[in-house]
Amino acid sequence: MKKYLIFLSFLIPVSFWAQYLLPNEEVIYSFETKNGKKMSLVKDKQNQYIQYRFGNKNTVEMEFPKDRTKESWKQFTYSSYHRGGGKQNAGMDLNYLSFTNNNYTYLLFRTYSAEDDSFSTGITVTDSKGKETDITGMYKTFKGCLCRLEDTDVKKEDFGQ
């Protein structure tokens, strides 16, 4: 009986994590926030769908889109800008992914500036009246790269449009 209890104690954390990553999925990009929230952008390993998930560490509070279909790729827009040359050329790496859900626009970002060697990640949520709310991601917790979207079926947009 004791062996079963030990085995079950290992399954409980796995079941919580499973809400953010299903067995058929892989993480494109994820991070945690200072407020204890978690953001995960995942895709099916066979590229059947892409999905954004946000919530606390144990519960997904928002999934977008709800339906996990091939059409999900068309509901996201990716843009990026890369300039090399280091500090002397103000080098930078900017990656953005946006989508709209219930009259709110979500902009996921990951940026790097060579001028001050700074990194940032997070989400900017804009309501229908233009009010913005910034959710700061803890850069030390990020995994993956939004740049992985460059070779997918996600809509691409020129930077600055």
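These numbers come from a predicted model, not from an experiment.

## Observations regarding the pattern of salt bridges
For the coordinates displayed, the defined rule picks out seven salt bridges. The shortest N-O distance in the salt bridge between Glu 26 and Arg 148 comes to 2.9 Å. Of this pair, Glu 26 sits in strand β1 (residues 25-32) while Arg 148 sits in the loop between β10 (143-144) and β11 (155-156); the two residues are 122 residues apart in sequence, bridging distant segments of the chain. Overall, the relative accessible area of 27% leaves Glu 26 in the partly exposed class. The class for Arg 148 is partly exposed, based on a relative accessible area of 37%. For Lys 74, the salt bridge goes to Glu 71, with nearest N and O atoms at 3.4 Å. A cluster of three or more residues bridged by salt bridges with shared partners is formed by Glu 25, Arg 53, Glu 63 and Arg 68.

## Points about the sheet that holds strand β6 (residues 92-101)
Taking strand neighbours across the sheet as the criterion, the six strands line up as β9-β8-β7-β6-β5-β11 in an open arrangement whose pairing is mixed. One side of each edge strand has no neighbouring strand; the edge strands of this open sheet are β9 (132-136) and β11. By the bridge criterion, 10 bridges tie β6 to strand β7 (residues 104-113) in an arrangement that is antiparallel. Bridge pairing in β7 links Phe 99 to Tyr 106.

## Here we look at the state of the cysteines
Inspection of every chain in the model, using the stated rule, returns one disulfide. Two residues share a disulfide in this structure: Cys 145 and Cys 147, whose sulfurs sit 2.1 Å from each other. Across the disulfide from Cys 145 to Cys 147, rotation about the S-S bond amounts to roughly 135°, and the bridge is consequently right-handed.

## Focus on the packing of aromatic side chains
This structure, assessed with the given rule, holds 12 aromatic pairs. Three or more aromatic residues joined by ring pairs form one cluster here, namely Tyr 29, Phe 31, Tyr 112, Phe 119, Tyr 139 and Phe 142. When the ring centre of Tyr 20 is taken as origin, the NZ or CZ atom of Lys 38, which lies over that ring, is 5.6 Å away.

## Looking at the confidence of the model for the protein
Model confidence for the protein is summarised by a mean pLDDT of 88, while 88% of its residues fall at 70 or above. Overall, residues 2-18 carries pLDDT values under 50, and its contacts beyond four positions in sequence, including any with other chains, amount to two contacts.

## Concerning the pairing of strand β4 (residues 60-64)
Sheet topology places strand β3 (residues 50-56) next to β4; four bridges connect them, and they run antiparallel. Of the residues in β4, the one forming a bridge with Arg 53 is Glu 63. Hairpin connection between β3 and β4: a loop of three residues separates the two successive antiparallel strands.

## Describing the environment of Arg 110
Relative to the helices and strands, Arg 110 is located in strand β7. A residue is classified by how much of its surface remains accessible, and Arg 110, at 15% relative accessible area, is buried. Residues Arg 110 and Ser 120, 10 residues apart in the sequence, show an inter-C-alpha distance of 5.7 Å. Beyond its immediate sequence surroundings of up to four residues, Arg 110 is in contact with Tyr 29, Asp 93, Leu 94, Asn 95, Ser 120, Thr 121, Tyr 139, Phe 142, Cys 145 and Leu 146. Side chain to side chain, Arg 110 and Tyr 139 meet in a polar contact 3.1 Å long.

Quick notes on the rules
Residues numbered from 1 in each chain as written. Predicted model: local features only at pLDDT ≥ 70, side-chain atom pairs only at ≥ 80, totals over all residues. Heavy atoms only, no water. Salt bridge = Lys/Arg side-chain N within 4 Å of Asp/Glu carboxyl O. Helix = DSSP H or I, 4+ residues; strand = E, 2+ residues; numbered from the N terminus. Buried < 20%, exposed > 50% of the residue type's maximum accessible area, 1.4 Å probe, protein only. Pairing = 2+ DSSP bridges. Disulfide = S-S within 2.5 Å. Phe/Tyr/Trp six-rings, centres within 6.5 Å; stacked < 30°, edge-to-face > 60°. Lys NZ or Arg CZ within 6 Å of the ring centre and 35° of its normal. pLDDT = per-residue confidence, 0-100. Contact = heavy atoms within 4.5 Å. Polar contact = N/O pair within 3.5 Å; in protein donor to acceptor, adjacent residues only side chain to side chain.

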